[in-house]
Amino acid sequence: MTTLTLGRALNEGMRRAMEDDPKVLVMGEDVGRLGGVFRVTDGLQKDFGEERVIDTPLAESGIVGTAIGLALRGYRPVCEIQFDGFVFPAADQIITQLAKMHLRSLGAVKLPVVVRIPCGGGIGAVEHHSESPEAYFAHTAGLRVVACSNAADAYTMIRRAIASPDPVIFFEPKRRYWDKAEVSTDVALSDLPDLHAAQVVQPGDDVTVLAYGPSVKTCLEAAAAAAAEGRSLEVIDLRSLNPLDVDTVEASVARTGRCVVVHEAPVFAGFGAELAARITERCFYRLEAPVLRVGGFSTPYPPSRLEDHYLPDLDRVLDAVDRTFAW
Amino acid sequence: MTIDSMRDRPPEGGLVQLLTPEGERVEHPDYPLDLSAEDVRGLYRDLVLVRAIDREAVALTRQGELGLWASLLGQEAAQIGSGRALTAQDMVFPTYREHGVAYCRGVDPLKLLGMFRGVNHAGWDPAEHGFHLYTIVIGSQTLHAAGYAMGIQRDGLLGTPNAGAAIAYFGDGATSQGDVNEAFVFASVFNAPVVFFCQNNQWAISEPLERQSRIPLYRRAQGFGFPGVRVDGNDVFACLAVTRRALENARTGQGPTLVEAYTYRMGAHTTTDDPTRYRLRTDEEAWKLKDPIERVRAYLRRSGLADDAFLASVEAEGKDIAADLRTRCRALPDPRPEAIFENVYAAPHALMTEEQEAFAAYLASFEEEVA
């Protein structure tokens, strides 16, 4: 076990993947000499060379489009989109090309491309640097969409994602990049946890709280505060949005009868809506209250001086928990 | 030079041409081409056969057998000339109109028809043919070609006999797309082995070339830092020679080239289009005089490289291929309903399994009611 920050764990995971498979490439804006604006790719170009760690022209569609071409030639590109709000120029290549090529070739073509996207707010950034665009991609068939929440998962999930035969949209909680955790780095790929399995990160009995990415830590803090008041929250880190581990969610909600979904993205037509619908289908007679959603307002992400009001925090999670009991 | 002196400069450079519309063989100092009689007859046969395939596909659409067809009529020379310049190691990234290139790469035209019939969304193995899937969203495939070429570079094959190149096909309209311009940038700064083969057929559905560019398209390359050349797109010899040179440059590490094949879309954009609403019949008539097949036929006759029996046999072969294609197209089975869920993902996916099983149970419920 090693103590690593989340960002460093991603770095180590990519490093390991590059050591294990010479076809793995890292590409994006500033990922080489600079090591990425968050230093997640720090040192990789020095150790693997400019041919494998590629500083690309400043063009997101170009990054994903050429990654597709490289994958067609047998490579496994790991693309970095510098910030969440910059992924939209690449949306056509991701949604129209990357997601559909396996199907269009009747299975002949595989595109093992990972698109890493630092996401979410909380770092005092300017506009377009704090967004949570996961629902757009979870809605797109052909993509796998995952979000890590801690350093240990970051390490295993990035390795699993790079090994996936399908394209993976990999969300990284940028305000948690510097959070540390114990990470096992001497595990064989085949022994790593399933990329798409949700994890109960805090067992509890009274309410199920569903979160992913940056919100998981918030929910764990909420669970600790609730415990002090005698209320037991079960926190599940979904880890994967597509596919979704509904069984783990159902097992929990069927037991607790109450559920709160937490994400930074706007609530309206957000991923929480999908969760609420599925939970309702599976647990209808065991629910004591409707599934409640806590998230960003249905507005554009606000200027950073207001982001603390926008982002779901401990109090807003606990407020929703209280409301499920008041029903 | 000032900004004002740049304005309204006439287009530079001529058209590379090796065979005039009248069927006269001419030389170009930069593009020598040595073709045997068999080569020329082969090119002629290719041109005639792809036109026959294309004509049959249009007819099948009119008869309701296909939902749509994008005819290549008028662009046969651009496609056969460039297609016959390819080697097995090269990789083609086509639009949805590259039926002639597909033919050169050994893709059964039935597979092209299947896509336009709605049997599947493409359905051939790109690696098997060195011919990627048809791409419908305009220009996206140019980035795939640039990336594929970056992969060729990383394989360390450039300059060896096993080197291949990527070639991206696109039209004049596509040159306005961001992806095409990004592909030019990536290919340029990485010196990637890719040929950008633009068939300038003068029309992007109803929009004329003037709506896409104020300068000749081949000159765009200069701004990106690689060579651009304009070739007579209705001259199969010139298209062959120019593409062959561009590919060879790519394979030997000399980077990308933009080829502008200057041609004309003689038919509609697709079978749902109506060109009478936006262009003059006289323009079509003028281009008809530059027909890519007629000039080769005239050359074959003039030079004595083929006799009437050969020409008749090629016509007959075209009819046979079309008839066979018609029969096989009509016999194409509709896909099984379960195919909706197949190949969405390469590895098992819980949601696909769940929905497929639920759908199968739903379908089965009707069978039980009948029983």
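As shown above, the structure is provided for reference.
Residues numbered from 1 in each chain as written. Chains lettered and ligands numbered in written order. Predicted model: local features only at pLDDT ≥ 70, side-chain atom pairs only at ≥ 80, totals over all residues. Heavy atoms only, no water.

1. What about the packing of helix α5 (residues 109-117) of chain B against helix α13 (residues 308-330) of chain B?
All names here are of chain B.
Logical step 1: At their nearest, the axes of α5 and α13 sit 10 Å apart, and the two run at 45° to each other. The angle between α5 and α13 places the two elements in the oblique class. Both α5 and α13 take part in a crossing whose hand is right-handed. Where α5 abuts α13, its residues Pro109, Leu110, Leu113 and Arg117 lie against Leu325, Arg328, Cys329 and Arg330. (Axes fitted to C-alpha atoms, helices over the stretch in contact; angles between N-to-C directions. Helix = DSSP H or I, 4+ residues; strand = E, 2+ residues; numbered from the N terminus. Parallel < 35°, antiparallel > 145°, perpendicular 65-115°, else oblique. Left-handed = near helix turned anticlockwise from the far one by under 90°. Contact = heavy atoms within 4.5 Å.)

2. Some details on the packing of helix α3 (residues 60-72) of chain A against helix α8 (residues 178-189) of chain B
Logical step 1: Two elements in contact, α3 of chain A and α8 of chain B, have axes whose closest approach is 9 Å; the angle formed by their N-to-C orientations is 70°. By the angle between their axes, α3 of chain A is roughly perpendicular relative to α8 of chain B. Side by side, α3 of chain A and α8 of chain B meet where Glu60, Ser61, Gly62, Ile63 and Thr66 of chain A of the first sit next to Asp179, Glu182 and Phe186 of chain B of the second.
Logical step 2: Here the contact of α3 of chain A with α8 of chain B is composed, by residue class, of 2 nonpolar, 3 polar and 3 charged. (Nonpolar A, V, L, I, M, F, W, Y, C, P; charged D, E, K, R; others polar.)

3. Details of the environment of Ser164 of chain A
Residues and elements named next belong to chain A.
Logical step 1: Note that Ser164 resides in the loop between α7 (151-163) and β7 (168-173).
Logical step 2: Spatially, the C-alpha atoms of Ser164 and Ser149 are 19 Å apart, while their sequence positions differ by 15 residues.
Logical step 3: The residues contacting Ser164, other than those within four sequence positions of it, are Arg76, Pro112 and Arg144.

4. Looking at the sheet that holds strand β1 (residues 91-93) of chain B
Residues and elements named next belong to chain B.
Logical step 1: An order of β1-β2-β3-β7-β6 is seen for the 5 strands of this open sheet, with the pairing classed as parallel. Edge positions in the sheet fall to β1 and β6 (228-232), since each of these pairs with one other strand and no more. Here the strands of the sheet are splayed against their neighbours by 20° on average, with no regard to which way each runs.
Logical step 2: Across 5 bridges, β6 lies against strand β7 (residues 257-262) in parallel orientation. Bridge pairing in β7 places Arg230 opposite Glu260.
Logical step 3: Its contacts with the sheet put helix α3 (residues 76-83) on β2 (166-171), β3 (194-200) and β7, and the angle it makes with β3 is roughly 165°.
Logical step 4: Each of β2, β3, β6 and β7 touches helix α10 (residues 236-251); the most contacted strand, β6, lies at about 155° to it. (Pairing = 2+ DSSP bridges.)

5. Some points on the pattern of salt bridges
Logical step 1: According to the stated counting rule, one finds 47 salt bridges over all chains in the structure shown.
Logical step 2: Among the salt bridges present, the one from Arg231 of chain A reaches Asp322 of chain A, with a minimum N-O distance of 2.7 Å. Placement of the pair is Arg231 of chain A in the loop between α8 (215-228) and β11 (233-237) and Asp322 of chain A in helix α12 (residues 314-326), with a sequence separation of 91 residues.
Logical step 3: For Arg231 of chain A, a relative accessible area of 26% corresponds to the partly exposed category.
Logical step 4: Of the residues examined, Asp322 of chain A reaches a relative accessible area of 41% and is grouped as partly exposed.
Logical step 5: Two residues, Arg326 of chain B and Glu56 of chain B, come together in a salt bridge whose shortest N-O distance is 2.8 Å. Separated by 270 residues along the polypeptide, Arg326 of chain B in helix α13 and Glu56 of chain B in helix α2 (residues 37-62) bring together distant segments of the chain. (Salt bridge = Lys/Arg side-chain N within 4 Å of Asp/Glu carboxyl O. Buried < 20%, exposed > 50% of the residue type's maximum accessible area, 1.4 Å probe, protein only.)

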